[in-house]
Amino acid sequence: MRIRTKLLIVLLGLVLPPLVAISIYALREARLLGDELAQRAAVSFKHAAESELALMVDLIGEDVADNRQMLELALAMLAGEATRILGAMPDGPDGNMPSATPLPSLDGPPGMSRKQAGEAGAELMRLAPVFDVLKQKLADNMLWAYIALPDGIIATAPAHGPMPAGYDARERPWYQAAVTMNGVAWRILVDATTNRLTATVSAPIHDRGGRLLGVVGIDAPLEALLPESDLSRRWGDGVRACFVQFKEGHLEIIGNRDFLDPNLGWKTPVTPTPLALDDPDGLSRLAAAMESRQAAQVNLTFGDEDYFAVLRPFSLAPAGLLVLVPRQAVLHQADSAESSILARTRSMMAVVVSFALLAVAAAAALAYYGSRAVTRPLTSLSAAAARLAEGDFEARAPVASQDELGRLAQTFNTMAPKLAERMRLVQDIRLAKEVQQNLLPKGPPHLPGLDLAGATIFCDETGGDYFDYLSFAPAPDGGCDIIVGDATGHGIAAALFMATGRALLRGGQGAGSGPAALLTLANALLWQDTADSGRFITLYFLRLEGGGLAPAGRLVWSRAGHDPAMVYDPATDSFAELLGPGLPLGVLPDHVYTEQSCPGLTPGQVLLLGTDGIWEARNPADAMYGKDRFREVVRRHAALSAEAIVAAVHTDVAAFQASAPRDDDITLVVLKAITV
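Residues numbered from 1 in each chain as written. Predicted model: local features only at pLDDT ≥ 70, side-chain atom pairs only at ≥ 80, totals over all residues. Heavy atoms only, no water.

A. Quick peek at the overall build of the protein chain. Along the backbone of the protein chain there are 15 helices and 22 strands. Here the protein chain holds 676 residues, and 44% of them are scored as buried. Put simply, of all contacts in the protein chain between residues at least 6 apart along the chain, 64% involve residues at least 24 apart. Taken as a whole, the protein chain presents about 33,500 Å² of accessible surface, with 57% of it coming from carbon and sulfur. (Helix = DSSP H or I, 4+ residues; strand = E, 2+ residues; numbered from the N terminus. Buried < 20%, exposed > 50% of the residue type's maximum accessible area, 1.4 Å probe, protein only. Contact = heavy atoms within 4.5 Å. Areas by Shrake-Rupley, 256 points an atom, 1.4 Å probe, with all protein chains shown as cover.)

B. Local environment of the sheet that holds strand 20 (residues 596-599). Reading across the sheet, the five strands line up as 14-15-16-17-20 and stay open at both edges, with antiparallel pairing between neighbours. Looking at strand neighbours, the two that pair on one side only are strand 14 (465-470) and strand 20, the edges of this open sheet. Between one strand axis and the next, the sheet turns through 15° on average, direction left out of account. Both strand 15 (residues 480-487) and strand 16 (residues 537-545) contribute to a ladder of eight bridges, which runs antiparallel. The partner of isoleucine 483 across the bridge, within strand 16, is phenylalanine 541. Sheet strands in contact with helix 12 (residues 492-507) are strand 14, strand 15 and strand 16, and its direction is about 20° off that of strand 14. Of the strands in this sheet, strand 16 and strand 17 (554-560) touch helix 13 (residues 515-530), which is tilted by about 155° from strand 16. (Pairing = 2+ DSSP bridges. Axes fitted to C-alpha atoms, helices over the stretch in contact; angles between N-to-C directions.)

C. Inspection of the packing of helix 14 (residues 626-637) against helix 15 (residues 642-657) at higher detail. The interhelical angle for the contact between helix 14 and helix 15, taken along N-to-C directions, is 140°, at an axis separation of 10 Å. Classified by the angle between their axes, helix 14 and helix 15 sit oblique to one another. Here helix 14 and helix 15 pass one another in a crossing that is right-handed. Contacts between helix 14 and helix 15 involve Arg629, Phe630, Val633, Arg636 and His637 from the first element and Ile645, Ala648, Val649, Asp652 and Phe656 from the second. Classifying every residue of the contact of helix 14 with helix 15 by side-chain character gives six nonpolar, one polar and three charged. (Parallel < 35°, antiparallel > 145°, perpendicular 65-115°, else oblique. Left-handed = near helix turned anticlockwise from the far one by under 90°. Nonpolar A, V, L, I, M, F, W, Y, C, P; charged D, E, K, R; others polar.)

D. Local environment of the environment of threonine 500. Within the secondary structure layout, threonine 500 lies in helix 12. Along the chain, threonine 500 and leucine 526 lie 26 residues apart, while their C-alpha atoms are 7.8 Å from each other. Setting aside anything within four residues of it in sequence, one finds threonine 500 in contact with Leu526 and Asp529.

E. Quick look at helix 12. Its 16 residues place the ends of helix 12 22 Å apart at the C-alpha level, agreeing with the 22 Å of an ideal helix rising 1.5 Å per residue. Of the residues making up helix 12, those classed as buried are Ala494, Ala495, Phe497, Met498, Gly501, Arg502, Leu504 and Leu505. (Expected span 1.5 Å × (residues − 1).)

F. Up close: the packing of aromatic side chains. Taken as a whole and judged by the stated rule, the model has six aromatic pairs. Judged by centre distance (6.0 Å) and plane angle (70°), the rings of tryptophan 174 and tyrosine 175 are edge-to-face. Of the residues examined, tyrosine 175 reaches a relative accessible area of 7% and is grouped as buried. Ring geometry for phenylalanine 467 against tyrosine 469: centres 5.7 Å apart, planes inclined by 65°, an arrangement best described as edge-to-face. (Phe/Tyr/Trp six-rings, centres within 6.5 Å; stacked < 30°, edge-to-face > 60°.)

G. Fine view of the side chain of glutamine 596. Note on placement: glutamine 596 falls in strand 20. Accessibility expressed as a relative area gives 19% for glutamine 596, which makes it buried. Within the local environment of glutamine 596, its side chain forms a polar contact with the side chain of threonine 594, the two groups lying 3.1 Å apart. Setting aside chain neighbours within four positions, we find glutamine 596 in contact with Leu555, Val556, Trp557, Ser558, Leu579, Gly580 and Pro581. (Polar contact = N/O pair within 3.5 Å; in protein donor to acceptor, adjacent residues only side chain to side chain.)

H. Representation of the nonpolar core in the model. Leu124, Leu127, Leu134, Ile147, Ile205, Val216 and Ile218 are the most contacted members of the largest nonpolar core, which has 31 residues in total. Those elements giving two or more residues to this core turn out to be helix 2 (19-88), helix 4 (128-138), strand 2 (144-148), strand 3 (154-157), strand 5 (197-206) and strand 6 (212-221). Among the elements that line this core, the one with the most residues is helix 2, at eight residues. Among all residues touching isoleucine 147, those that are not within four sequence positions of it are Ala82, Leu86, Leu124, Leu127, Phe131, Ile153, Ile154, Ala155, Ile205, Val215 and Val216. With 26 residues, the next largest nonpolar core counts Leu549, Leu555, Val567 and Leu609 among its residues. (Core = buried A, V, L, I, M, F, W, Y, C linked by side-chain atoms within 4.5 Å.)

I. Looking closely at the pairing of strand 21 (residues 606-610). Most of strand 21 sits out of view: five of its five residues are buried. Taking every second residue as pointing to the same face, both faces of strand 21 are buried, with Val606, Leu608 and Gly610 on one and Leu607 and Leu609 on the other. Where strand 18 (residues 565-569) and strand 21 come together, three bridges link them in antiparallel fashion. Counterpart to valine 567 in the pairing with strand 21 is leucine 607. Direction of pairing for strand 21 relative to strand 22 (residues 666-673): antiparallel, over a ladder of five bridges. Bridge pairing in strand 22 places glycine 610 opposite leucine 668.

J. Examining the sheet that holds strand 4 (residues 185-190) more closely. Read from one edge of the open sheet, six strands run 1-3-2-6-5-4, paired in antiparallel fashion. A single partner strand is all that each edge strand has here, and the edge strands are strand 1 (105-107) and strand 4. The sheet shows a mean angle of 25° between the axes of neighbouring strands, direction not considered. Where strand 4 meets strand 5, six bridges bridge the pair, whose relative direction is antiparallel. Each residue of the ladder has a partner; that of arginine 187, found in strand 5, is threonine 200. Each of strand 2, strand 3 and strand 6 is contacted by helix 4, which is oriented at about 150° to strand 2, the strand it contacts most. Sitting on the sheet, helix 5 (residues 173-181) touches strand 2, strand 3, strand 4, strand 5 and strand 6, and the angle it makes with strand 4 is about 165°.

K. Molecular detail of the pattern of salt bridges. The full count for this structure, using the stated rule, is 13 salt bridges. Where arginine 635 meets glutamate 632, a salt bridge forms, and the shortest distance between an N and an O atom there is 2.9 Å. Pair noted here: arginine 635 and glutamate 632 are both in helix 14, with a separation of three residues, about one helical turn. Relative accessible area serves as the criterion here: at 34%, glutamate 632 is assigned to the partly exposed category. Connected through shared salt-bridge partners, Asp573, Glu632 and Arg635 make up one network. (Salt bridge = Lys/Arg side-chain N within 4 Å of Asp/Glu carboxyl O.)

L. Structural view of the packing of helix 12 against helix 13. Remark: helix 12 packs on helix 13, axes separated minimally by 9 Å, with the N-to-C direction vectors making an angle of 140°. By the angle between their axes, helix 12 is oblique relative to helix 13. For the pair helix 12 and helix 13, the crossing hand works out as right-handed. Taken together, the residues of helix 13 that come into contact with helix 12 (itself represented by Phe497, Thr500, Leu504 and Leu505) are Leu518, Leu519, Ala522, Leu525, Leu526, Asp529 and Thr530. Here the contact of helix 12 with helix 13 is built from residues that sort into eight nonpolar, two polar and one charged.

That's the geometry; what it means functionally is another story.
Right under this line is the structure:
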């Protein structure tokens, strides 16, 4: 029965009480209802605003941490290339540097002209491609990237006008901190050319003998790391955000938008300042949270105004993000909602009084009983929804009718168990992802004369790709097994299947076991589990014997239906494939695998093991990435480190796919022979 019909029946069957009794009762109930709704709305909006603020600060803190890691990775790349170039001390710039590559500017210590600096630091021009890549990748997160030599020569990118008079890179805090700490150093500084406040990360570079070659650094605008404007747009101009550190039992501000005094120049050092608050209790709670590396949300007083303070310590640095938001800004919506409800309540009461005075008893009775019929099931439904929001998936709403409100309650009761099931599924997927990530190598082993790197990108939360580094025993000459595999399908099923294959390979390893013997054993065991499933695993098992380097070392491999490994030789600009027969694991139980071998790698050669998710990737036009494009990317980046080659391939595949969905996992392992 429709609500409209119910109201009509109630209206027709109602015995009207005396006018005065109806008026008094209606006014009383309306006032109580308004007060209750206003109070609930205020509390609800307050909790929602506080949760939103905490979540927003947490997301910004994660973004700051990500930017910090990205800058340190970029610095490591610059340091590696600078060490390679300065350690070799070539006669001139690289001959293969693109002509369109922007060149950095060169400056010298006081008393040296730019022309003299250009002649003395000519070899630094070879870093132009690296500077250009950093600028493209970091974009607005990088103001300057530079390298300073012990003789005071400094190369800066992007190029700019001359440094201010009296500028000596060796006297700057970023240079001295990197040399003193002999590692990565962060400082908040005033930029000498723009007078902007920057977060500067720097590190020293040394040759093989430990001699200081110079210091590399990257300047990031403080506003790029501290996006205070994002908070201001949501919470108003009263928001204050800053970086803080815990030192000697106190909180210190190490960077915020008020640090830069327009009357101070670039020579003025930027030093931490104590966090001065009028609320000792709130300040001590923040200090305790920072000391224990725990996020905190504290109510405190600063000046004559109350604030919400949200602290988010960084996981990889002894600092954190502190955001102060005026309490009035957070509670504005709650106060507004409460005032609006109270205003509507007073308006409704005036209408009720007016109708009562005009003796429209039927309309007053209809409004009263109608509100009772609607609000009672809605209140029950609201209480059930509140329990569900707190995590009680057993919450149910009473079904008291078969009208729209009854059907709404039935829909709610059906939704709750489905939501609980969905939450369990999400938790299971997260657990599966964590388990599979822990199965992958944490990092490559140290192999003399070899640079090794590998990475996997899953198209779902989990996947069927796998790579591993194993040390075979005994290994008196230094050896390593490199395994790359691809299970049919992807997702949780493929991840479980690949985990089984990994366990069989690791469990069957022992003295005298070669790649073919291990694959034969793993295949026989795996077939027992997959005979009726139709699933299989392609695998490439590569062993580095005698260190894997020519002339003493060799490459020994066995192939189980996987794409062959590739060896690129820059000296001849040619690719060779390490072929060999072999069925995928799990196809035939009695298949015996064979081994192939060849001489070890020579300096400069690059060996690549990947899965078909790379060359079978498709773009929005359904075109395939292909091995030709893969080889071209390897050819262009062969002079870089193994890790940089892996990153370059992943980046190029992602750019090729653009907005197209990724339907397969991508795994690549790169082994590069280097000069010892």
